[in-house]
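Listed below, chain by chain, are the residues.
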Amino acid sequence: DRKATIIDGKAIAETIRSEIADEVRHLSQKHGKVPGLAVVIVGSRKDSQSYVSMKRKACTEVGIKSFDIDLPEQVSQSELIGKVHELNTNPDVHGILVQLPLPKHINEEKVLSEISLEKDVDGFHPLNIGKLAMKGRDPLFLPCTPKGCLELLSRSGVTIKGKKAVVVGRSNIVGLPVSLLLLKADATVTIVHSHTYDPESIILEADIIIAAAGQPMMIKGSWIKPGAAVIDVGTNAIDDPSRKSGYRLVGDVDFKEACKVAGWVTPVPGGVGPMTVEMLLKNTLDAAKRAIVGFRKS
Ligand code: NDP
């Protein structure tokens, strides 16, 4: 029986966190300035609140100053945009993150496009995504979850160049940008979505699979080419009466089966999830470096 290498996202994330903390310390010793991240939340959705508090806590841990902007559910679109503009001009704020989803009466796309390009640490500004799609152009920031997926591959020694990659999902926040990133890294990329005929046969050809469909355990062991690298972004809650909470989290990949076939596989939880917040910290550090010392690279 083949035994896949399990990519430990939690351990890799911890390493990255301490690398970031070192750089933040260095920056403040040398230039007397600390990176600042504004995390904006509208309303009181439980899941959004828990993501936001995790991000704010992570900032504090590495020495990034967190600016907490908590707005009520009823805030108007123009008030929210006013707040974004204020943060755009605040020199102590190097990155701005608006937690999604926003309430129905607010146009998300409009709000995201108001964030200054230089502070778009989530990488969702249409210009940043557009540059990601174009040859010879480099966005200032890469979206965090896609960037985390590639970081997991490179830190695990998986070659991307020349490989066949299949991305399952085409959302603006995961599937599409991760496909563009893989293409930039010289993979041959196929995107599978909800209208794809016979996804199994397409996925079976992949050297690298990025699963981001939000479909619990959709990808079976028999869909995976022996030795493939499998990055499972899916985070799905399924009923589990044996747990106190009544549920557990599973990925889009059948992990147990994948372990027998794949060359590498990420677990859920403990794979891609922990990387997303580290990439946010990294983007904020890069934004601060650019603003403070004129550092250019993304
Ligand atoms: P969306 O629901 O926005 O997008 C899902 C995508 O998957 C769509 O493009 C959809 O196709 C496609 N899809 C849905 N069902 C199928 C199917 N049966 N076969 C093939 N393709 C399918 O989800 P997100 O991109 O926001 O998130 C994807 C998953 O990743 C979720 O489980 C989410 O919880 C998780 N996630 C995890 C993060 C992390 O940090 N670990 C961060 C963000 C998301 P179509 O376009 O045709 O509708």
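Residues numbered from 1 in each chain as written. Predicted model: local features only at pLDDT ≥ 70, side-chain atom pairs only at ≥ 80, totals over all residues.

1. Side note on the overall build of the protein chain
Looking only at helices and strands, the protein chain has 10 helices and 11 strands in total. Along the longest, intermediate and shortest principal axes, the C-alpha atoms of the protein chain span 55 × 40 × 35 Å. When burial is assessed residue by residue, the protein chain has 43% of its 298 residues classed as buried. For the protein chain, the share of sequence-separated contacts (at least 6 apart) that also reach a separation of at least 24 residues comes to 67%. (Helix = DSSP H or I, 4+ residues; strand = E, 2+ residues; numbered from the N terminus. Buried ≥ 20, exposed ≤ 12 C-beta atoms within 10 Å, placed from the backbone. Contact = placed C-beta atoms within 7 Å.)

2. Focus: the sheet that holds strand E4 (residues 95-98)
Pairing is parallel in the open sheet, where 3 strands are placed in the order E3-E2-E4. Of all the strands in the sheet, just strand E3 (65-71) and E4 have a single pairing partner and so form its edges. In this sheet, adjacent strand axes meet at a mean angle of 15 degrees when their direction is disregarded. In the sheet, strand E2 (residues 36-42) pairs with E3 via 7 bridges, with the strands oriented parallel. Each residue of the ladder has a partner; that of isoleucine 41, found in E3, is aspartate 70. Lying on the sheet, helix H2 (residues 46-62) is in contact with E2 and E3; it crosses E2 at an angle near 170 degrees. (Pairing = 2+ DSSP bridges. Axes fitted to C-alpha atoms, helices over the stretch in contact; angles between N-to-C directions.)

3. Comments concerning the site of the ligand
Around the ligand sit 26 residues in total, of which Gly169, Ser171, Ser194, Gly214 and Thr276 are the nearest. Residue classes in the shell around the ligand are distributed as 10 nonpolar, 15 polar and 1 charged. (Near = placed C-beta within 6 Å. Nonpolar A, V, L, I, M, F, W, Y, C, P; charged D, E, K, R; others polar.)

4. Looking at the sheet that holds strand E11 (residues 264-265)
Pairing is parallel in the open sheet, where 6 strands are placed in the order E1-E11-E8-E7-E5-E6. Whereas interior strands pair on both sides, the edge strands pair on one side only; in this sheet they are strand E1 (5-6) and strand E6 (188-192). Pairing of E1 with E11 involves 2 bridges; the strand directions are parallel. The residue bridging isoleucine 6 from the neighbouring strand is valine 265, located in E11. Those strands touched by helix H6 (residues 144-155) are strand E7 (208-211) and strand E8 (229-232), and its axis lies near 150 degrees from that of E8.

5. Section: helix H3 (residues 77-89)
The first and last C-alpha atoms of H3 sit 19 Å apart over 13 residues, in line with the 18 Å expected at 1.5 Å per residue. By the burial criterion, the buried members of H3 are Leu80, Lys83, Val84 and Leu87. Each buried residue of H3 lies within a common arc of 100 degrees when the element is viewed along its axis, so the set occupies one face. Exposed and facing more than 90 degrees away from the buried side of H3 are Ser78, Glu86 and Thr89. Buried residues belonging to H3 abut E2, E3, E4 and helix H4 (108-114). (Expected span 1.5 Å × (residues − 1). Arc of directions from axis to C-beta.)

6. Focus: the domain arrangement of the protein chain
Frequently, the measure chosen for interface size is the accessible area removed from exposure when the parts meet. Domain annotation for the protein chain reports domain 1 (31-115) and domain 2 (142-273). For domain 1 and domain 2, the distance between their C-alpha centroids amounts to 29 Å. (Domains from an automatic or database assignment.)

7. Considerations on the environment of glutamate 79
Inspection of the secondary structure assignment puts glutamate 79 in helix H3. Separated by 42 residues in sequence, glutamate 79 and valine 121 have C-alpha atoms that sit 21 Å apart.

8. Remarks on the packing of H6 against helix H10 (residues 273-293)
One can describe the packing of H6 onto H10 by two numbers: an axis separation of 8 Å at closest approach and a directional angle of 105 degrees. Put simply, H6 runs roughly perpendicular to H10. In this structure, H6 uses Cys144, Thr145, Lys147, Gly148, Glu151 and Leu152 to contact H10, whose residues at the interface are Met275, Thr276, Glu278, Met279, Leu280 and Asn283. Across the contact of H6 with H10, the residue classes break down as 5 nonpolar, 4 polar and 3 charged. (Parallel < 35°, antiparallel > 145°, perpendicular 65-115°, else oblique.)

9. Regarding the UniProt feature "domain: Tetrahydrofolate dehydrogenase/cyclohydrolase NAD(P)-binding" (unreviewed entry) in the protein chain
This chain's UniProt record puts "domain: Tetrahydrofolate dehydrogenase/cyclohydrolase NAD(P)-binding" (unreviewed entry) on residues 143-291. Structurally, residues 143-291 comprises 36% helix and 19% strand, and the distance from its first C-alpha atom to its last is 19 Å. (UniProt positions renumbered as here; feature names shortened; annotations may be inferred.)

10. Here we look at the pairing of E8
The two faces of a sheet get side chains in turn, since along a regular strand they alternate between them. Residue alternation in E8 divides its side chains into two sets, Ala229 and Ile231 and Val230 and Asp232, and both sets are buried. Here E7 pairs with E8 via 4 bridges, running parallel. When the sheet's bridge partners are listed, isoleucine 208 is paired in E8 with alanine 229. In terms of strand pairing, E8 meets E11 through 2 bridges, oriented parallel. Counterpart to valine 230 in the pairing with E11 is valine 265.

11. Considerations on unusual backbone geometry
Look at the link from leucine 100 to proline 101: it is a cis peptide, with omega at 0 degrees. Assignment of secondary structure puts proline 101 in the loop between E4 and H4. Geometrically, the link from valine 268 to proline 269 is a cis peptide bond, its omega value of -5 degrees lying close to zero. A positive phi angle is found at aspartate 186, which is not glycine, with a value near 70 degrees. Tracing the sequence through the fold places aspartate 186 in the loop between helix H7 (175-184) and E6. A count of 12 C-beta atoms within 10 Å places aspartate 186 in the exposed class. Of note in this structure, aspartate 198 is not a glycine but carries a positive phi near 55 degrees. Along the chain, aspartate 198 turns up in the loop between E6 and helix H8 (199-203). Judged by C-beta crowding, with 9 C-beta atoms within 10 Å, aspartate 198 ranks as exposed.

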